[in-house]
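# Structural overview for review
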Amino acid sequence: EGLPPVIVLIHGGPTSAVQIGYNLEAAFFTSRGYGYLEVNYRGSTGYGRAYREALRGRWGELDVIDAAGGALALVGQGLADPDRLAIKGGSAGGYTVLNALIRYPGLFKAGLCSYGVSNLFTLAMDTHKFEERYTDSLVGPLPEAAEKYRQWSPVFHAERIKDPVAIFQGDEDKVVPPSQSEEIVQALKANGVPHEYHLYPGEGHGFRKAETRQAYYEAIERFLLQYVIFS
C-alpha cells in the first residue's frame, strides 16, 4: 500500500549508459513491488560529447549529484516512498553508491555495492592495463591531483556512512580487485555500520555462474527486506 520503495540503479563505466529495452534485473525488482530508476548521469554516453565530457575531472561529484537528484525527483513527483529508497551499482556504479551514502546520509536507506571502487589511489595503481590511465581524465593525473583522489575516495570518508551497505565481490576480479571491497568493509566494521560482505570464488568483474547470480539476488532481496522494507 502507498508509494513504492525504489531502487536507484547507477550504471558502470562510468562513461557507459543504460539503454531502453527489456531488463531482467528491472523485472526482478518490479515484480516484487519495487520501483526501478536507471540514472544516466552526466558522463553517460549517448547524449552528445559535451554531456559525456562533463564528467572529466569531476567523477565522484557530478555522478553523485545526479544520482541523488534522480531519487529526489521521483519523491517530488509522488512516485517513490522517501523513506524506502535504495541505491545500487557495480564497478564505477558501486563507487557512486558509496559516495552517495557519504554525501547524502539518510537519503538512501541502504546501498548495494558490487565490486565498487573505494580507493582511487590503489585503483590507479592496481587496475588492468586497458584502463590503467582512465583515472587521469576522470579525476586527474597523479601526483598533481592527489588531493582530489583523497577527496573522492570513499574509504577516506567512510566514517560518514551511516546507512546499511551490502558489498559483493568476485575473488578473481582484475578490474576492481578484491582489496577495494575489503578496504571499505574494514572501515564499515570499524565504524559499526550494518553491512554484509559476499565474496564469490571463481568470479571476476561481473558474476557469470548461475549459482552465484542466484545467491547474489537472494542476498539482495533479504538485505532490502531487512533494512528498507521492514526497518
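The following refers to the structure shown.

### Some words on the overall build of the protein
Of the regular secondary structure elements, the protein holds nine helices and six strands. Taken over C-alpha atoms, the radius of gyration comes to 17 Å for the protein, in line with the 17 Å a tight globule of 231 residues would show. Considered along the principal axes of its C-alpha atoms, the protein spans approximately 55 × 40 × 35 Å. By residue count, 52% of the 231 residues in the protein fall in the buried class. Of the contacts made within the protein by residues no fewer than 6 positions apart, 74% connect residues no fewer than 24 positions apart. If you sum the accessible surface of the protein, you get close to 10600 Å²; carbon and sulfur atoms cover 52% of it. Of the side chains in the protein, 22 bear a positive and 27 a negative charge, and the two mean positions are spaced by 3 Å.

### Here we look at the pairing of strand 6 (residues 195-200)
Relative to strand 6, strand 5 (residues 165-170) is paired through six bridges, and the arrangement is parallel. Following the sheet pairing, phenylalanine 168 is matched in strand 6 by histidine 198. Between the parallel elements strand 5 and strand 6, the chain passes through helix 8 (residues 178-190) in a crossover that is right-handed.

### Details of the pairing of strand 3 (residues 85-90)
With six of its six residues buried, strand 3 lies for the most part within the structure. Because side chains alternate across strand 3, one face comprises the buried residues Leu85, Ile87 and Gly89, and the other comprises Ala86, Lys88 and Gly90, equally buried. Here strand 1 (residues 6-10) runs beside strand 3; their pairing, made up of five bridges, is parallel. Directly across from isoleucine 10, in strand 3, lies its bridge partner glycine 89. Note: strand 3 against strand 4 (residues 110-114), five bridges, orientation parallel. When the bridges of strand 4 are listed, alanine 86 appears paired with alanine 110. On the question of chirality, the crossover connecting strand 3 to the parallel strand 4 by way of helix 4 (residues 92-103) is right-handed.

### A look at the side chain of aspartate 163
Secondary-structure assignment places aspartate 163 in the loop between helix 7 (146-151) and strand 5. One buried charged residue, aspartate 163, forms no salt bridge at all, with the nearest opposite charge on lysine 109 at 5.8 Å. Engagement of the side chain of aspartate 163 in a polar contact is seen with the backbone nitrogen of glycine 106, the distance being 2.9 Å. Aside from chain neighbours lying at most four places away, what touches aspartate 163 is Leu101, Pro105, Gly106, Phe108, Lys109 and Val193.

### Digging into the packing of aromatic side chains
A full pass over the atoms with the stated rule returns 14 aromatic pairs. Ring geometry for phenylalanine 121 versus phenylalanine 156: centroids 6.0 Å apart, planes at 75°, classification edge-to-face. Of this pair, phenylalanine 121 sits in helix 5 (residues 120-126) while phenylalanine 156 sits in the loop between helix 7 and strand 5, and the two are 35 residues apart along the sequence. Relative accessible area serves as the criterion here: at 19%, phenylalanine 121 is assigned to the buried category. For the ring pair phenylalanine 168 and tyrosine 216, a centre distance of 4.8 Å and an interplane angle of 80° mean the geometry is edge-to-face. Of this pair, phenylalanine 168 sits in strand 5 while tyrosine 216 sits in helix 9 (residues 210-229), placing them 48 residues apart in sequence. Like phenylalanine 168, the residue tyrosine 216 is buried in the burial classification. One aromatic cluster in this structure is built from Phe28, Phe29, Tyr34, Tyr36, Tyr115, Phe168, Tyr200, Phe207, Tyr216 and Tyr217. The ring of phenylalanine 28 has arginine 32 sitting right over it, with the charged end atom 3.8 Å from the ring centre.

### Thoughts on the sheet that holds strand 2 (residues 35-39)
Hydrogen bonding along the main chain pairs the strands of a sheet, whether they run parallel or antiparallel. Read from one edge to the other, the open sheet built from six strands follows the order 2-1-3-4-5-6, with strand pairing classed as parallel. Strand pairing shows two members of the sheet lacking a second neighbour, strand 2 and strand 6, which therefore form its edges. With strand direction ignored, the average angle separating the axes of adjacent strands in the sheet is 15°. Inspection of the sheet shows strand 1 paired to strand 2 by five bridges, in the parallel sense. The residue of strand 2 that forms the bridge with valine 8 is leucine 37. Packing of helix 3 (residues 62-76) onto the sheet brings it into contact with strand 1, strand 2 and strand 3, and relative to strand 2 it is tilted by some 140°.

Rules used throughout
Residues numbered from 1 in each chain as written. Predicted model: local features only at pLDDT ≥ 70, side-chain atom pairs only at ≥ 80, totals over all residues. Heavy atoms only, no water. Helix = DSSP H or I, 4+ residues; strand = E, 2+ residues; numbered from the N terminus. Rg over C-alpha atoms; globule rule 2.2 N^0.38 Å. Buried < 20%, exposed > 50% of the residue type's maximum accessible area, 1.4 Å probe, protein only. Contact = heavy atoms within 4.5 Å. Areas by Shrake-Rupley, 256 points an atom, 1.4 Å probe, with all protein chains shown as cover. Lys, Arg positive; Asp, Glu negative; His and termini not counted. Charge placed at Lys NZ, Arg CZ, Asp CG, Glu CD. Pairing = 2+ DSSP bridges. Right-handed = clockwise from strand over helix to strand, strands pointing away. Salt bridge = Lys/Arg side-chain N within 4 Å of Asp/Glu carboxyl O. Polar contact = N/O pair within 3.5 Å; in protein donor to acceptor, adjacent residues only side chain to side chain. Phe/Tyr/Trp six-rings, centres within 6.5 Å; stacked < 30°, edge-to-face > 60°. Lys NZ or Arg CZ within 6 Å of the ring centre and 35° of its normal. Axes fitted to C-alpha atoms, helices over the stretch in contact; angles between N-to-C directions.

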